[in-house]
Structure formats: structure tokens, C-alpha cells
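Secondary and tertiary structure notes
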Amino acid sequence: MDKSNQKITTFFMFSGKAEEAMNFYTSLFDQSEIKHLFYHEDGTVLHASFTLKGQTYMCIDNRNGDVHKFTPAMSLFVTCDTEEEIDRIFEKLSKGGQVLMPLAASPMSEKFAWVEDQYGISWQLNLPQS
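Cut-offs used in this document
- Residues numbered from 1 in each chain as written.
- Predicted model: local features only at pLDDT ≥ 70, side-chain atom pairs only at ≥ 80, totals over all residues.
- Heavy atoms only, no water.
- Buried < 20%, exposed > 50% of the residue type's maximum accessible area, 1.4 Å probe, protein only.
- Helix = DSSP H or I, 4+ residues; strand = E, 2+ residues; numbered from the N terminus.
- Pairing = 2+ DSSP bridges.
- Axes fitted to C-alpha atoms, helices over the stretch in contact; angles between N-to-C directions.
- Parallel < 35°, antiparallel > 145°, perpendicular 65-115°, else oblique.
- Left-handed = near helix turned anticlockwise from the far one by under 90°.
- Contact = heavy atoms within 4.5 Å.

This part covers the pairing of strand E4 (residues 55-61). Regular strands have side chains that alternate between both faces of the sheet. Burial analysis of E4 places 6 of its 7 residues in the buried class, which makes it a mostly covered element. Pairing of strand E1 (residues 10-14) with E4 involves 5 bridges; the strand directions are parallel. Within E4, the position partnered with Thr-10 by the bridge is Tyr-57. Both strand E3 (residues 45-52) and E4 contribute to a ladder of 5 bridges, which runs antiparallel. Bridging across to E4, Ala-48 finds its partner in Cys-59. In this antiparallel pair of consecutive strands, E3 and E4, the connection spans 2 residues, and Lys-53 shows a positive phi of 55°.

Pasting the structure below:
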């Protein structure tokens, strides 16, 4: 298990796409990696831990056949460091997903966007005002 001091960890349940989603997410952000990955005998993810920008997340693949969709009522809020970063991440998360709020300036941000990615995870992307 993760040995960080983080006491509460976001845990995702995917429908057969956990490993694919982790690989996609860790390719987007610096300081990101898959920490551990355990499989069921059928190759689905039994349990996994990964980091994005140093923040730990966990996930599994749902094997019972029920579909539990993610909702924008729970989203990941990402503070981006540069305009290049927010533009790149917005483009990649939007592909195959849905733009809930287009990338634009806001009263609190140089740029802000809200997207739902191809796996159904909702992301708020923020580039704070300098």
C-alpha cells in the first residue's frame, strides 16, 4: 500500500478500463506513476494505486456486471502550473469525452475548463491568476 501521509484517497471503480485509464492519466501529468497493480485471474484490475502530480488515487475494475457511472457532482480539481499545461491537458481529456465548460478566462482564473473524459471522470482545470 501507499506509504504517504495521505489519509483519504479517491478510489475509482471502472468497468473493465482501470489499467487503460491509469496509463492515460499518468501520461498527462508530471510527478505521476502507477505505484502498484494487482490482477484477478481474468486480467481485470483487482486493486491499483497511482499518483497524479504527487496525489495518490486507487482503482479497481468492477466485475459484478453492474454499471456504476461517474458523475460531474464529484470532480477532480487540477491546478495547472502553465498555460501550455492547461491547454495540453484540456485537449487530451476532452478527446472522446465531453466539454462541460469550455476553456476560457474567468473572474478567478487566467483559464478554466470543466471536462468529462472518455472514462466518465469529471475534471476541473484551473490556471490561477498570477
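Here the narrative resumes.
Attention now moves to the packing of helix H1 (residues 18-28) against helix H2 (residues 83-94). Relative orientation of the contacting elements H1 and H2 amounts to 160°, with a least axis distance of 10 Å. Judged on the interaxial angle alone, H2 and H1 are roughly antiparallel. At the point where H1 passes H2, the crossing takes the right-handed sense. Note on element contacts: H2 touches H1 through Arg-88, Ile-89, Lys-92 and Leu-93, opposite Phe-24, Tyr-25 and Leu-28.

What follows is about the pairing of E3. Burial runs high along E3: 7 of the 8 residues are buried. Bridge analysis of strand E2 (residues 33-39) against E3 gives 6 bridges, and the strand direction is antiparallel. When the sheet's bridge partners are listed, Ile-34 is paired in E3 with Phe-50. Taking the residues between adjacent antiparallel strands as the criterion, E2 and E3 are bridged by 5 residues, where Gly-43 takes a positive phi near 90°.

Let us look at the environment of Val-67. One can find Val-67 in the loop between E4 and strand E5 (75-79). When its relative accessible area of 60% is taken as the criterion, Val-67 is described as exposed. Along the sequence, Val-67 and Met-13 sit 54 residues apart, while their C-alpha atoms lie 9.6 Å from each other.

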